[in-house]
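Reading the structure
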Amino acid sequence: MTLNNFPLIRMRRTRSKKFIRNIVKENLLTVNDLIYPIFVTDGINKKEPINEMPGIFRYSLDLLKKEIKNILNLNIPAVAIFPKINDKLKNSSGTEALNKNNIVCNAIKLIKDTSNELGVLCDVALDPYTNHGHDGIIINEYIDNDETIKILCEQALIQTEAGCDIIAPSDMMDGRVKKIRETLEKNNFKNTLIMSYTAKYASSFYGPFRHAVGSSINFGKKDKSSYQMDFSNSKEAIREAELDISEGADMIIVKPGMPYLDIINKLNSRFNIPIFAYQVSGEYTMLMSAIEKGFLDKSVILETLTCFKRAGCTGVLTYFAPLVSKILNEE
Ligand code: PBG
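So, here is what we can say about the structure in this document. Because the structure is predicted, anything quoted here is derived from the model rather than measured. (Residues numbered from 1 in each chain as written. Predicted model: local features only at pLDDT ≥ 70, side-chain atom pairs only at ≥ 80, totals over all residues. Heavy atoms only, no water.)

1. Some details on helix H4 (residues 145–162)
Its 18 residues give H4 an end-to-end C-alpha distance of 26 Å, which sits within 8% of 26 Å, the value for a rise of 1.5 Å per residue. Counting buried residues along H4, 13 of its 18 residues qualify, which places the element largely inside the surrounding structure. Structurally, the start of H4 carries an N-cap: the backbone nitrogen of Asp-146 is 3.4 Å from a side-chain oxygen of Asp-144. One or two steps after H4, the chain reaches Gly-163, where phi turns positive at roughly 120 degrees. (Helix = DSSP H or I, 4+ residues; strand = E, 2+ residues; numbered from the N terminus. Expected span 1.5 Å × (residues − 1). Buried < 20%, exposed > 50% of the residue type's maximum accessible area, 1.4 Å probe, protein only. Polar contact = N/O pair within 3.5 Å; in protein donor to acceptor, adjacent residues only side chain to side chain.)

2. Remarks on the side chain of Gln-159
Tracing the sequence through the fold places Gln-159 in helix H4. Those residues in contact with Gln-159, other than ones at most four positions away along the chain, are Val-104, Ile-108, Cys-122, Asp-123, Val-124, Cys-164 and Ile-167. (Contact = heavy atoms within 4.5 Å.)

3. Some points on unusual backbone geometry
With omega at 10 degrees, the peptide bond leading from Phe-6 into Pro-7 counts as cis. You can see Pro-7 is positioned in the segment before helix H1 (18–24). Between Lys-255 and Pro-256 the backbone carries a cis peptide bond, its omega angle lying at -5 degrees. With respect to the helices and strands, the residue Pro-256 is situated in the loop between strand S10 (251–255) and helix H8 (261–270). Phi is positive for Asn-45, which is not a glycine, with a value near 55 degrees. In this fold, Asn-45 is placed in the loop between strand S1 (34–41) and strand S2 (47–49). Of note in this structure, Asn-75 is not a glycine but carries a positive phi near 70 degrees. Following the sequence through the fold, Asn-75 ends up in the loop between helix H2 (61–73) and strand S4 (78–84).

4. Regarding the site of the ligand
Neighbouring the ligand are 18 residues, the closest being Lys-200, Lys-224, Lys-255, Ser-281 and Tyr-319. Take Asp-123: an N or O atom from its side chain is 2.8 Å from a nitrogen atom of the ligand. In the environment of the ligand, an oxygen atom lies 2.9 Å from a nitrogen or oxygen atom belonging to the side chain of Gln-228. Contact with the protein chains removes 100% of the 400 Å² of surface that the ligand exposes when unbound. Split by residue class, the shell around the ligand holds eight nonpolar, three polar and seven charged. (Near = heavy atom within 4 Å. Areas by Shrake-Rupley, 256 points an atom, 1.4 Å probe, with all protein chains shown as cover. Nonpolar A, V, L, I, M, F, W, Y, C, P; charged D, E, K, R; others polar.)

5. Observations regarding the nonpolar core
Counting 105 residues, the largest nonpolar core has Phe-39, Leu-64, Ile-81, Met-195, Leu-267, Tyr-278 and Leu-317 as the members making the most contacts within it. Those residues within four positions of Leu-317 in sequence are excluded, and the remaining contacts are Ile-35, Ala-80, Leu-121, Met-195, Ile-253, Phe-276, Ala-277, Tyr-278 and Gln-279. (Core = buried A, V, L, I, M, F, W, Y, C linked by side-chain atoms within 4.5 Å.)

6. What to know about the pairing of S1
Consecutive residues of a regular strand have side chains that alternate between opposite faces of the sheet. Of all eight residues that make up S1, eight are buried, and the element is covered over most of its length. Side chains Leu-34, Tyr-36, Ile-38 and Val-40 of S1 all project onto a buried face; the interleaved residues Ile-35, Pro-37, Phe-39 and Thr-41 project onto the opposite face, where all are buried too. Direction of pairing for S1 relative to strand S12 (residues 315–318): parallel, over a ladder of two bridges. Within S12, the position partnered with Ile-35 by the bridge is Leu-317. Where S1 and S4 come together, seven bridges link them in parallel fashion. If you follow Phe-39 over to S4, its bridge partner there is Phe-82. Here S1 runs beside strand S3 (residues 57–60); their pairing, made up of three bridges, is parallel. What sits directly across from Val-40, in S3, is Tyr-59. (Pairing = 2+ DSSP bridges.)

7. Here's the deal with the side chain of Arg-176
As for its position among the elements, Arg-176 is in helix H5 (residues 176–186). Only 3.0 Å separates the side chain of Arg-176 from the backbone oxygen of Tyr-197, close enough to count as a polar contact. Setting aside anything within four residues of it in sequence, one finds Arg-176 in contact with Ile-149, Pro-169, Ser-170, Asp-171, Ser-196, Tyr-197, Asp-244 and Glu-247.

This is the structure in C-alpha cells:
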C-alpha cells in the first residue's frame, strides 16, 4: 500500500459528523459493564467520608439500604462489598472473616432482602480482618499459602451461604480457585460464580483503599510482593490466567486497571473468558481529585472506562460507577 494516496483517503471523513462517528464506533460503555465497590462499617446512621477518596463513603448497614436503592435506580448490575471492621475484632489469623454474622454477611443479607436483582460480589482475602494487614496468615514470617487457603475456603462458603453471587478471591495464594470451587461444589453451590483476581499486581495504587478499610500493612517489609505480582512482568499474568481458568474461574480480573491495559489486551487475545479490570482506589483518587480541582474535566471518566472496553474488557469494577451511570443515563 502506498502512503501518499491523499486525497483518495481522508481519515477525517468518518469523523466528520456525529451520525457517522456513532456508526463506526467500535466500543461502547454501558451501565451493564459496571460493578460498584462499596465500603461498609459497623454502627448506625454513619456515612463516613473517606479522606483519601473524595466523594466515596463508608456506610453503616442502615444507610447502605438507601444507597442500594440509589444503585438500583441507576440500573448498575452488581456491587462489591468491602468492610472496615473495628480494630478490636482483628487478630493475626483474621478469625472475624469466618463469623457468619460479620458485617459482610449482614450486608449481603440486607442487599438480598432489598432486591433480588442486584448481583453481589465479595472479596475472599483476610486483609480487612488481620491485625497485620496481610491477605493471609503468617507462619515463620511468611504468608503461608496452604494454611491460608483453608481459611479462604471457609470464608468463601459463609459468604455464599449468606447469599453472595460472585466469589472473588483477591489473595493471590496458589491453588485457591480450585479449592474454593471444590468447596462450593461439595456444598451444592453449583451456580456460584468465581471471578478470580488473576493478575493482581503488588501496587501502590491500592493506598487509598487500605485507608478506607483500615488494612495498611504493619508487618515486615510492608508490601505484598511475596504473593502479589511484580509490575515488571507480563508472562506471569498469562500463567496465572491459565491456572485460574483450569481451576474453575468463570471470569478473571486484571488489577490495577489503567497502567495495565497491555495485560488486559494480552489475556484477551489468548483466553476465551470474560475479563474485568479493577480501576482501583489510587486511579479513582488521581482522577477525582484533579476533577474536583478543575484540572481535568469529568469527561475523563467515560474516556478511561471506555478504554478498558477497547483493551478487551467485558466490564469494570469502578468507584465511578454511580457517577458514570448518571452520565450514561442522561445521554
Ligand atoms: C484486598 C484488596 C485490595 C484491593 C481490593 N481487594 C487491597 C490489597 O490487596 O492490598 C484494592 C482495591 C483498590 O485499591 O481499590 N486483598
